[in-house]
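# Working through the structure, step by step
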Amino acid sequence: MEINEGPTPEHELIPHRGFKLIRGTHDPDDVDQIYHLDIQDSDVFVVTYPKSGTIWMQQILLLLEAQGDVSAISGLSKHSNADIIPWIEVKGHRQAFIVAPSPRLRVTHLQHHFLPAALNHKKGKVIYVARNPKDVLVSYFHFHKLANMLETPKDFDDFFEKFMRGDVFGSSWFEHVKTWYTHREDMNMLFITYEEMIQDLQSAIHRISVFLGKDLSDDQLTSVVTHSTFHNMKKIPQASYEQVPGELLNHHQGRFMRKGTIGDWKNHFTVAQNERFDEVFHREMKDFPLSFIWDIRDIQ
Ligand code: A3P
């Protein structure tokens, strides 16, 4: 594995208003303008901490829009579903959002205080996807090897420390999930977990469809489910990010669609790391009624 000596300028994280952005990918001034965007009721923002199921939700939203017709979405994007449901915070994307036709579907990893103020007045819709943070950490570790805009980790132990310090793009997982969760009643928000989607994708997609006010037949919903399973998404280059240009993702280092399961952290964490993680988790989350599934065997 290639080891980086340290962050090059394009890997550098820029601390900005309590959050870390990526130099080159984000422009802090532009990110600040997102707060002032006019929002329409048909706008939908999928909010995630990185590695929590963002591209999964892109595929589900596109299929729901197309009423389950996978052929209708197959030719829509050049490289990936992110061409159609992009990250609002990436340079230039805010301007594109302003002039985009309805429905404007976007994803974001931003903290709550950056997002359009109008969302807090129940304009538009927000889907927050949370994932158990041990699996997030592991998925993010592997993604750092793949993503050219992020610094390649020295090793897992080093990345573990960075994640615990919030010294990564997205900053602290705990802050992210807690802040968004705290604001869930202020906005039209569906709060859903990656694990719920793994456990029962059909029910999860039904909930998402109802939340978005879609009226799909049972067959159409079944088709959305079929084409958004891990197994099937892997076979669709636009859905699995296989065609994202090499300057962004180094496809020789691994696949974006890596394991798609619950509990891979058990193959990475030492006993000591796990104990420390549990201690931090209980301290940070003690006032939040959020529970996560940590092992795939707990749902089988
Ligand atoms: P793993 O690295 O654990 O496999 P994001 O899109 O937010 O970056 O999240 C990526 C993670 O979601 C990866 O996790 C990826 O495999 C997983 N993922 C993507 N599509 C999925 C699907 N249909 N089912 C289960 N997991 C999926």
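Criteria and cut-off values
- Residues numbered from 1 in each chain as written.
- Predicted model: local features only at pLDDT ≥ 70, side-chain atom pairs only at ≥ 80, totals over all residues.
- Heavy atoms only, no water.
- Helix = DSSP H or I, 4+ residues; strand = E, 2+ residues; numbered from the N terminus.
- Rg over C-alpha atoms; globule rule 2.2 N^0.38 Å.
- Contact = heavy atoms within 4.5 Å.
- Areas by Shrake-Rupley, 256 points an atom, 1.4 Å probe, with all protein chains shown as cover.
- Lys, Arg positive; Asp, Glu negative; His and termini not counted.
- Charge placed at Lys NZ, Arg CZ, Asp CG, Glu CD.
- Pairing = 2+ DSSP bridges.
- Axes fitted to C-alpha atoms, helices over the stretch in contact; angles between N-to-C directions.
- Near = heavy atom within 4 Å.
- Polar contact = N/O pair within 3.5 Å; in protein donor to acceptor, adjacent residues only side chain to side chain.
- Core = buried A, V, L, I, M, F, W, Y, C linked by side-chain atoms within 4.5 Å.
- Buried < 20%, exposed > 50% of the residue type's maximum accessible area, 1.4 Å probe, protein only.
- Expected span 1.5 Å × (residues − 1).
- Parallel < 35°, antiparallel > 145°, perpendicular 65-115°, else oblique.
- Left-handed = near helix turned anticlockwise from the far one by under 90°.
- Nonpolar A, V, L, I, M, F, W, Y, C, P; charged D, E, K, R; others polar.

## Some words on the overall build of the chain
For the chain, the helix and strand inventory stands at 13 helices and 6 strands. Here the chain has a C-alpha radius of gyration of 18 Å; the compact-globule value for 300 residues is 19 Å, and the two agree. The C-alpha extent of the chain, read off along each of the three principal axes, is 50 × 45 × 40 Å. Sequence-distant contacts, at least 24 apart, represent 74% of the contacts inside the chain between residues at least 6 apart. Looking at the chain as shown, the accessible area adds up to about 13500 Å², and 50% of this sits on carbon and sulfur atoms. In the chain, 32 positive and 41 negative side-chain charges are present, and the distance between their average locations comes to 1 Å.

## Observations regarding the sheet that holds strand 5 (residues 125-130)
Pairing between sheet strands relies on hydrogen bonds along the backbone, with the strands arranged either parallel or antiparallel. One open sheet holds the 4 strands; their spatial order is 4-3-5-6, and the pairing between them is parallel. The open sheet has two edge strands, strand 4 (105-108) and strand 6 (189-193), and neither has a second partner. Each adjacent strand pair in this sheet contributes to an overall mean axis angle of 20 degrees, direction not counted. Sheet topology places strand 3 (residues 44-48) next to strand 5; 5 bridges connect them, and they run parallel. Along strand 5, the bridge assignment pairs F45 with V126. On top of the sheet, helix 9 (residues 201-211) reaches strand 5 and strand 6; it is set at about 170 degrees to strand 6, its chief contact.

## As for the site of the ligand
Taken together, 19 residues form the shell around the ligand, and within it T54, S139, Y194, K259 and G260 come nearest. One nitrogen or oxygen atom from the main chain of S52 is found 3.1 Å from an oxygen atom belonging to the ligand. Measuring from a nitrogen atom of the ligand, one finds a side-chain N or O atom of Y194 at 2.7 Å. Burial of the ligand by the surrounding chains reaches 98%, relative to a free accessible area of 570 Å². Elements supplying a minimum of two residues to the shell around the ligand: helix 2 (54-65), helix 8 (194-199) and helix 11 (230-234).

## Description of the nonpolar core
Among the nonpolar cores identified, the biggest contains 92 residues, and I60, L61, L64, I127, F163, W173 and I208 are the most heavily contacted of them. Considering every element that reaches this core, the biggest residue donor is helix 2, with 8 residues. Other than its neighbours up to four places away in sequence, F163 contacts Y49, P133, V136, L137, Y140, V168, W173 and F277.

## Re helix 13 (residues 271-285)
If you check helix 13, its first and last C-alpha atoms are 21 Å apart, about what 15 residues at 1.5 Å a residue would give, namely 21 Å. Along its buried surface, helix 13 packs onto helix 5 (133-146), helix 6 (156-165) and helix 7 (173-182).

## A few points about the packing of helix 2 against helix 9
One way to put it is that helix 2 packs onto helix 9 with a least axis distance of 11 Å and a crossing angle of 60 degrees. As far as their axial angle goes, helix 9 and helix 2 are oblique. Relative to helix 9, the crossing made by helix 2 is right-handed. Judged by residue contacts, W56, M57, I60, L61 and L64 of helix 2 engage L201, I205, I208 and S209 from helix 9. Looking at the contact of helix 2 with helix 9, its residues break down into 8 nonpolar, 1 polar and no charged.

## Here we look at the packing of helix 7 against helix 13
Packing of helix 7 against helix 13 leaves a shortest axis separation of 11 Å and a crossing angle of 30 degrees. Classified by the interaxial angle, the pair formed by helix 7 and helix 13 is roughly parallel. When the axes of helix 7 and helix 13 are compared, the crossing they make is right-handed. Between helix 7 and helix 13, the contacting residues are W173, F174, E175, V177 and K178 on the first element and F277, V280, F281, E284 and M285 on the second. Tallied by class, residues from the contact of helix 7 with helix 13 come to 7 nonpolar, no polar and 3 charged.

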